[in-house]
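Here's the letter readout for the chains.
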Amino acid sequence: MTARILSGTEVARQVRERIAREVVALRESTGVTPGLVTILVGDNPASVSYVTGKQRTAKELGFYSVQDDQPADVSEDGLVELIGRYNDDPAIHGILVQLPLPKHINETRVLYAIDPDKDVDGLHPMNLGRLMIGEARFYPCTPFGIRELLAMADVETKGAEVVVVGRSNLVGKPISMMLVQKEANANSTVTMCHTATRDLAAHTRRADILIVAAGRAKAITADMVKDGAIVIDVGVNRIGMTPEGKAKLCGDVDFDAVKEKASVITPVPGGVGPMTITMLMANTLKAARLAAERK
Ligand code: NAP
């Protein structure tokens, strides 16, 4: 079997079209334009590139967007104060602080300072707690993108054996918690694996849906995958440079071999990545809608 390649680029395009239409409808019916601020501390090239992509997408979709650049030596108190100002700004519905932050800043304190109603990255403990009890308001963007990809590809999650490789707060834990909920596009039996898992392959081979977020290039080989499985590769590993000087990327899954066994597989790049920014926009639109309802 050769797998269907599930293009996140294409699904993201469809979701963005829907968001752009909904932005217009929200503005017409309530006068509210979704507002997103991205806060960048320092000039780490990868962070600059992520923030630039987020700003570009926000503008394309008709959002009010603000790019707030802070020097690398900004103090923790200064950053918390800045977030407080955006918490109080009615034109801003979503606040994104680009991670990682410089070493002298306590990331947890900064993320906890964001008003949970404006936490469009979905990483505030209030939002992660709500997700766990089945009352989610904002899902973290990458897991949200994975769930959307599965839904748009008509993958049956109800009763499916889902194996997640990785237990980070950013990807592994939230996607596991999302897919185990008794609701549409979820209701799966979920196993979470990590570096202390005794026989990783024994788990991955059982998976109807295998989601890999380990950050290890080609950690999942064809012998670890069941025939006909749906494979979602979250990993982004830099494995050198192209002749044009761009980073060469690969996922956590040995794509060429696994695509001959799986029924559906996401590529890297062009799989989960494009969905992450898109779901940030979906969360910001939702935050704006909730703010409009409160007016
Ligand atoms: P992370 O915080 O480093 O977590 C990796 C997880 O994988 C850990 O739980 C670790 O186990 C587990 N793990 C590592 N090697 C393993 C192995 N050989 N067998 C079993 N488990 C293993 O990473 P993350 O933030 O979740 O990100 C994971 C990958 O996704 C990275 O490549 C990252 O760049 C990528 N990513 C992509 C996007 C996107 O938008 N495309 C977004 C976020 C992340 P322990 O807990 O035991 O250490």
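Scroll up to find the structure.
Residues numbered from 1 in each chain as written. Predicted model: local features only at pLDDT ≥ 70, side-chain atom pairs only at ≥ 80, totals over all residues. Heavy atoms only, no water.

1. Regarding the pairing of strand β7 (residues 209–212)
Alternating residues of β7 divide into Ile209 and Ile211 and Leu210 and Val212, and every residue in both groups is buried. As paired strands, strand β5 (residues 161–165) and β7 are joined by 4 bridges and run parallel to one another. By the bridge assignment, Val165 is partnered in β7 with Val212. Sheet analysis places β7 next to strand β8 (residues 230–233), joined by 4 bridges and oriented parallel. Counted as the bridge partner of Leu210 is Val231 from β8. (Buried < 20%, exposed > 50% of the residue type's maximum accessible area, 1.4 Å probe, protein only. Helix = DSSP H or I, 4+ residues; strand = E, 2+ residues; numbered from the N terminus. Pairing = 2+ DSSP bridges.)

2. Details of the site of the ligand
As a structural note, the neighbourhood of the ligand is formed by 19 residues, with Arg167, Ser168, Thr195, Val236 and Thr276 the closest of them. Separating an oxygen atom of the ligand from a backbone N or O atom of Ala213 is a distance of 3.5 Å. In the environment of the ligand, an oxygen atom lies 2.8 Å from a nitrogen or oxygen atom belonging to the side chain of Thr276. Within the complex, the protein chains bury 70% of what would otherwise be the 920 Å² of accessible surface of the ligand. Its residues placed into classes, the shell around the ligand shows 8 nonpolar, 9 polar and 2 charged. (Near = heavy atom within 4 Å. Polar contact = N/O pair within 3.5 Å; in protein donor to acceptor, adjacent residues only side chain to side chain. Areas by Shrake-Rupley, 256 points an atom, 1.4 Å probe, with all protein chains shown as cover. Nonpolar A, V, L, I, M, F, W, Y, C, P; charged D, E, K, R; others polar.)

3. Considerations on the sheet that holds strand β6 (residues 189–193)
The 6 strands are arranged β1-β11-β8-β7-β5-β6 in an open sheet whose pairing can be described as parallel. The open sheet is flanked by β1 (4–5) and β6, the only strands paired with a single partner.

4. With respect to unusual backbone geometry
Residue Pro100 is reached from Leu99 by a cis peptide bond, and omega for that bond is 0°. Relative to the helices and strands, Pro100 is located in the loop between β4 (94–97) and α4 (107–113). The residue after Val268, namely Pro269, is reached through a cis peptide bond having omega 0°. Secondary-structure assignment places Pro269 in the loop between β11 (264–265) and α10 (272–294). Phi at Asp154 takes a positive value of approximately 55°, unusual for a residue other than glycine. Along the chain, Asp154 turns up in the loop between α6 (141–152) and β5. Asp154 sits in the exposed class, given a relative accessible area of 69%. Although it is not a glycine, Lys218 adopts a positive phi angle of roughly 55°.

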